[in-house]
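Notes for the structure review
If you want the building blocks of each chain, they are given just below.
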Amino acid sequence: MSWFNTFFNSSIGKKFFMGLTGISLILFLKFHLVNNLSLFGGPEVFNTVVKNLESIKPIVRVIEVILALIFLIHIFNGLRLWLENKKARPQKYAVNGSSKNSTVYSRTMVQTGTIVFIFLIVHLRTFWMSFNNIGVNGITDHKYYEFVAASFTDPIYSGFYVIAMILLGFHLNHGFQSLFQTFGWTHKKYTPIINIIGTVYSVVVATAFAIIPIYFLMKGGN
Amino acid sequence: MSGKNINLTLKIWRQASPKAVGAFAEYKISISPDASFLEMLDEINDNLEKKNELPIAFESDCREGICGTCGLVINGQPHGPIPKIATCQLHMRNFKDGDTIWIEPFRAKAFPIIKDLVVDRSGFDSILQTGGYVSVNTGGVPDANAIPISKDIASLAFDAAACIGCGACVAACKNASAMLFVSAKVSQYALLPQGQPERYQRVQNMVAKMDELGFGSCTNTYACEAECPKGISVTNIARMNRDYIKASITANPVD
């Protein structure tokens, strides 16, 4: 397996696994979003969706473990790249001209990624733990919808969600088109289309996720 | 000659030796807008020598944008603010009277500073030594056009071969990555029939050398393409990624 180590630790290999885990997370976000949007169907629809997921718990658990591994590889490689890339230029320029030659999204992947990671921890603590009856704030009688609604009545908590989702959008906007470049999938005809799809996807995902806390904040928790 | 002289304040990086601590020194100059950037530095050096001071060390050779020797970071941009030209092709008419210009060397761990604005780019040579060639037996001169190559492919290979190896891609990249340079050298052979026999070993060897020398990894900011004096496209990086991934995953080497 020495070839795998060589590949995994090469500059292109690190990016390849960044892209591979990235696209897996992009696909996961779509399923997550579809489930979330059932909140707009009211308590019955959402609680039924969650109950259905409960009924296939073993499968959900397996997917969760795979997802956690994907996240870990993505985070591990991201941090490794960031540290190594900092080392590649020990002395910074006195004048930073990067705004003239690159987008802010592409330069701030580690910053947006870190905030999204902090968000993920907070998010798992609130919802994943409660939905799985871990810790003190377990949910009784399958009242998932009511729990979500109550959680978002806190303007600070909801505000954090909205900010995190905007930054997730920034992260995806670069990540989406970037993974095609990393895999070597560029084409005169299709790359401009991929760039548009990437931006549309980022805006739609960020907006749709961010609307949920805003919606419950405005409704006042019921 | 057009226009009257412009007055500029220059902040130039001075560093006596590779290990010495460098700092910016300030110079004031009144220069014709028709002068090139390097002519302005020549004039400053003339003045310094007249005062018996050490001139500023900087590199140049052809002064017409084809040798890739000159390379300065001017106000944060390699080869200055005008796209697709080398430092030697930059003229003072692009600056305004009263401007302050910051002049720095290319900064990267793999490009150590030798003196002032001169950096050691021999890392690029080491990368080329691992694959920037085709191994062919010498013999009689082959017939021209014995191997048919379509115009489209020839043009793509030529565009990649236009890389002058100046190192601006490394200087521009926030990660000091050499991907654009290496990918141009990989592509110019990968596109042509003559490069096929060694195509996959070449990309693996060149990438391994690039990583070993301490260049950073590519994060697809495309700053390299924006600053490249020859307009080398990042699609070359995609081609190199494709070849490298394919070589790593599918290669079945003979023991």
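Residues numbered from 1 in each chain as written. Chains lettered and ligands numbered in written order. Predicted model: local features only at pLDDT ≥ 70, side-chain atom pairs only at ≥ 80, totals over all residues. Heavy atoms only, no water.

Side note on the nonpolar core
Our working rule: The definition of a nonpolar core used throughout is a set of buried Ala, Val, Leu, Ile, Met, Phe, Trp, Tyr and Cys residues joined through side-chain atoms within 4.5 Å. For every residue, the accessible area obtained with a 1.4 Å probe (protein chains only) is divided by the maximum for its type, and the residue is called buried under 20%, exposed over 50%, and partly exposed between those limits. Here a strand is any run of E in DSSP of at least two residues, a helix any run of H or I of at least four, and the numbering for each starts at the N terminus. Domain delimitation in this document rests on an assignment produced automatically or drawn from a domain database.
Counting residues in each nonpolar core, the largest one holds 111 residues, and the members touching the most others are B:Leu8, B:Leu10, B:Phe37, B:Met40, B:Met92 and B:Ile103. For this core, the leading source of residues is helix α8 (residues 155-183) of chain A, giving 11 residues. For this core, the domains that each give at least three residues are domain 1 (6-104) and domain 2 (121-136 + 143-250) of chain B.

What about the pattern of salt bridges?
All names here are of chain B. For the record, the criterion: The rule for a salt bridge is simple: a side-chain nitrogen of Lys or Arg has to be within 4 Å of a carboxyl oxygen of Asp or Glu.
If you walk through the whole model with that rule in mind, you get 12 salt bridges over all chains. A salt bridge links Asp116 to Arg14; the shortest N-O distance between them is 3.2 Å. Placement of the pair is Asp116 in the loop between β6 (113-115) and β7 (118-119) and Arg14 in strand β1 (residues 6-14), with a sequence separation of 102 residues. Both residues of the pair, Asp116 and Arg14, belong to the buried class.

What to know about a negative patch on the surface
As a reminder of what qualifies: A patch is a set of surface residues, each over 30% in relative accessible area and not in a salt bridge, joined within 9 Å for like charges and within 5 Å for the nonpolar side chains Val, Leu, Ile, Met, Phe, Trp and Tyr. Under the convention used here, a 1.4 Å probe and the Shrake-Rupley method define accessible areas, while residue burial counts only the protein chains that appear. His residues and chain termini do not enter the charge count, which takes Lys and Arg as positive and Asp and Glu as negative. Charged side chains are reduced to one point each, which is NZ for Lys, CZ for Arg, CG for Asp and CD for Glu.
Together, B:Glu39, B:Glu43, B:Asp46 and B:Glu49 line one region of the surface with negative charge. Summarising the element assignment, B:Glu39 is placed in helix α1 (residues 37-50).

What to know about the domain arrangement of chain B
All names here are of chain B. What counts here: Buried area is understood as the total, over both parts, of accessible area removed when two parts are fitted together, assessed with a 1.4 Å probe. Polar contact is defined as a pair of N or O atoms within 3.5 Å, subject to the rule that within protein one atom must be able to donate a hydrogen and the other to accept it, and that residues adjacent in sequence are counted only when both atoms are side-chain atoms.
Once the domains are mapped, chain B shows domain 1 (6-104) and domain 2 (121-136 + 143-250). The distance between the C-alpha centroids of domain 1 and domain 2 comes to 29 Å. When domain 1 packs against domain 2, the two sides together hide about 940 Å² of surface, and 50% of this comes from carbon and sulfur. Interface area lost by domain 1 to domain 2 is led by Gly68, Pro78 and Lys84, which between them contribute 46%. Put simply, domain 1 and domain 2 have 1 salt bridge between them. Of the charged contacts in the structure, one is a salt bridge between Glu59 and Arg121, with a shortest N-O distance of 3.1 Å. Our count for the contact surface shared by domain 1 and domain 2 stands at 5 residue pairs in polar contact (both at pLDDT 80 or more).

A look at helix α2 (residues 122-129) of chain B
Residues and elements named next belong to chain B. Here is the rule we go by: The arc in question is the one traced by the directions running from the helix axis out to the C-beta atoms. The contact criterion used is simple: two residues touch if any of their non-hydrogen atoms lie within 4.5 Å.
Looking only at α2, the buried set comprises Gly123, Phe124, Ser126 and Ile127. Angular distribution of buried residues about the axis of α2 spans 160 degrees; they occupy a single face of the element. Elements in contact with the buried residues of α2: α4 (168-172), α5 (179-190) and α6 (199-212).

Overview of the confidence of the model for chain A
Threshold: A score from 0 to 100, pLDDT tells how confident the predictor is in each residue.
Confidence in the prediction of chain A, expressed as mean pLDDT, is 94, and 97% of residues score 70 or more. Between the elements of chain A, mean pLDDT differs from a low of 91, seen in helix α7 (residues 144-151) of chain A, to a high of 97, seen in α8(A).

With respect to the interface of chain B and chain A
Listed per partner, the contact involves 47 residues of chain B and 35 residues of chain A. Between chain B and chain A the total buried area reaches about 3300 Å² when both faces are included, carbon and sulfur atoms providing 55% of it. In this structure, the connection of chain B to chain A is made through 0 salt bridges. Summed over the shared surface of chain B and chain A, the result is 23 residue pairs in polar contact (both at pLDDT 80 or more). Of all the secondary structure elements, the ones that give two or more residues to the side of chain B that touches chain A are β5 (100-104), α4, α6, α7 (223-227) and α8 (235-250) of chain B.

So, the packing of aromatic side chains
Any pair of aromatic rings gets described here by the distance separating the centres and the angle formed by the planes. Residue and element names in this part refer to chain A. Short version of the rule: In this analysis, rings of Phe, Tyr and Trp, with Trp reduced to its six-membered ring, are considered paired at centre separations within 6.5 Å, and the interplanar angle assigns stacked below 30 degrees, edge-to-face beyond 60, and tilted for intermediate values.
On inspection of all chains with the given rule, the structure shows 36 aromatic pairs over all chains. Their ring planes at 15 degrees and their centres at 5.9 Å tell us that Phe4 and Phe8 sit as a pair that is stacked. Linking Phe4 with Phe8, this pair stays in helix α1 (residues 2-9), spanning 4 residues, or about one helical turn. With a centroid separation of 5.5 Å and an interplanar angle of 70 degrees, the aromatic rings of Tyr145 and Phe216 are classed as edge-to-face.

Section: the pairing of β5(B)
Residue and element names in this part refer to chain B. For the record, the criterion: Strands are labelled as partners when DSSP assigns at least two bridges between them.
Looking at chain direction, β1 and β5 are connected through 4 bridges and run parallel. Counted as the bridge partner of Thr9 is Thr100 from β5. Judged from the 2 bridges that link them, strand β3 (residues 73-74) and β5 form a sheet pairing that is antiparallel. Along β5, the bridge assignment pairs Val73 with Glu104.

Remarks on unusual backbone geometry
All names here are of chain B. You will see that Asn75, though not glycine, has its phi angle at about 50 degrees, which is positive. Position of Asn75 among the secondary structure elements: in the loop between β3 and β4 (77-78). Of the residues examined, Asn75 reaches a relative accessible area of 21% and is grouped as partly exposed. Phi at Ala176 is positive, roughly 50 degrees, even though this residue is not glycine. With respect to the secondary-structure elements, Ala176 resides in the loop between α4 and α5. The exposure class assigned to Ala176 is buried, which follows from its relative accessible area of 1%.

Re the side chain of A:Ser202
Residues and elements named next belong to chain A. Mapping Ser202 onto the fold places it in helix α9 (residues 191-219). Within the structure, the side chain of Ser202 is placed 2.6 Å from the backbone oxygen of Gly198, a separation counted as a polar contact. Residues in contact with Ser202, not counting those within four places in the same chain, are Gly169, Leu172 and Asn173.

Describing the environment of B:Asn236
All names here are of chain B. By the element assignment, Asn236 lies in helix α8. Note on Asn236: relative accessible area 6%, which makes it buried. On a C-alpha basis, the gap between Asn236 and Asp159 in space is 9.7 Å, while along the polypeptide they are 77 residues apart. Beyond its immediate sequence surroundings of up to four residues, Asn236 is in contact with Ala160, Ser183, Ala184 and Ser187. Of the polar contacts made by the side chain of Asn236, one reaches the side chain of Ser187; its length is 3.2 Å.

Regarding the packing of α5(B) against α8(B)
Residues and elements named next belong to chain B. This is how it is decided: A fitted line through C-alpha atoms serves as each axis, taken over the contacting stretch for helices, and the angle formed by two N-to-C directions is quoted from 0 to 180°. When an angle is under 35 degrees it counts as roughly parallel; over 145 it counts as roughly antiparallel; between 65 and 115 it counts as roughly perpendicular; any other value is oblique. By the convention adopted, Pro, Cys, Tyr, Trp, Phe, Met, Ile, Leu, Val and Ala count as nonpolar, Lys, Arg, Asp and Glu as charged, and the other residues, Gly among them, as polar.
Running from N to C, α5 and α8 cross one another at 70 degrees; their axes reach a closest spacing of 8 Å. Here α8 runs roughly perpendicular to α5, going by the angle between their axes. Of the residues in α8, those in contact with Met179, Leu180, Val182, Ser183, Ala184, Val186, Ser187 and Ala190 of α5 are Asn236, Ile237, Arg239, Met240, Asn241 and Asp243. Classifying every residue of the contact of α5 with α8 gives 8 nonpolar, 4 polar and 2 charged.

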